[in-house]
Amino acid sequence: MSLNIEKKIDEEICVILTGRLDTSSSPDLEKEFDKLIPLKKPMTVDMKGLDYISSAGLRVILMAQKNVNANGSSLKFVNANDIIMDIFEMTGFIDILTIE
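Predicted model, so just to flag it, every value in this text is computed and none were measured.

1. Thoughts on the overall build of the protein
Helices and strands together make up the secondary structure of the protein, namely three helices and five strands. The order of α-helices and β-strands along the protein, N terminus first, is β-β-α-β-α-β-α-β. Its C-alpha atoms put the protein at 30 × 30 × 20 Å along the principal axes. By residue count, 42% of the 100 residues in the protein fall in the buried class. Long-range pairs, those at least 24 residues apart, make up 67% of the contacts in the protein between residues at least 6 apart in sequence.

In structure tokens form, the structure reads like this:
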């Protein structure tokens, strides 16, 4: 299974993730973040359809948060399922990310 990335760019950027965020799909999300973060618009990442996240996916998310913090914008993650939330809690990401 792969990662599907859907973007909506208005006043706020909404990135909708479905599938798996793993070693093979993480570079795709990283490229999208590299394009979107310099726009300096508030960004929401909807994880409702995300089934799995690996350490490679966590790295991409951490780098995105770091880059958003550096440019003064905002990034929040919404609709993470229980499995993804458990991973965020175990890794300490719950304290780093804005999760709703």
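2. Quick word on the packing of aromatic side chains
How two aromatic rings sit relative to each other is given by the distance of their centres and the angle of their planes. Applying the stated criterion across every chain, the model contains one aromatic pair. Ring plane angle 5° and centroid distance 6.2 Å describe the contact between Phe88 and Phe93, whose orientation is recorded as stacked. This pair shows no difference in class: Phe88 is buried, exactly as Phe93 is. Geometry around Tyr52 places Arg20 over its ring, the cationic atom sitting 4.1 Å from the centre.

3. Topic: the side chain of Asp46
By the element assignment, Asp46 lies in strand β3 (residues 43–53). Despite its burial, Asp46 pairs with no opposite charge; the closest candidate is Lys48, at 6.9 Å N-O.

4. Description of the pattern of salt bridges
Tallied over the entire structure, the rule returns four salt bridges. We note a salt bridge from Glu30 to Arg59, for which the minimum N-O separation is 3.0 Å. With Glu30 in helix α1 (residues 26–36) and Arg59 in helix α2 (residues 55–71), the pair connects residues that are 29 residues apart, well separated along the chain. Judged by its relative accessible area of 27%, Glu30 is partly exposed. Given the relative accessible area of 42%, Arg59 is considered partly exposed. The partner of Glu32 in a salt bridge is Lys35, and the shortest N-O contact between them spans 3.7 Å. Taken as a pair, Glu32 and Lys35 lie in helix α1 at a separation of three residues, close to a single helical turn. For Lys35, a relative accessible area of 54% corresponds to the exposed category.

What counts and how
- Residues numbered from 1 in each chain as written.
- Predicted model: local features only at pLDDT ≥ 70, side-chain atom pairs only at ≥ 80, totals over all residues.
- Heavy atoms only, no water.
- Helix = DSSP H or I, 4+ residues; strand = E, 2+ residues; numbered from the N terminus.
- Buried < 20%, exposed > 50% of the residue type's maximum accessible area, 1.4 Å probe, protein only.
- Contact = heavy atoms within 4.5 Å.
- Phe/Tyr/Trp six-rings, centres within 6.5 Å; stacked < 30°, edge-to-face > 60°.
- Lys NZ or Arg CZ within 6 Å of the ring centre and 35° of its normal.
- Lys, Arg positive; Asp, Glu negative; His and termini not counted.
- Salt bridge = Lys/Arg side-chain N within 4 Å of Asp/Glu carboxyl O.

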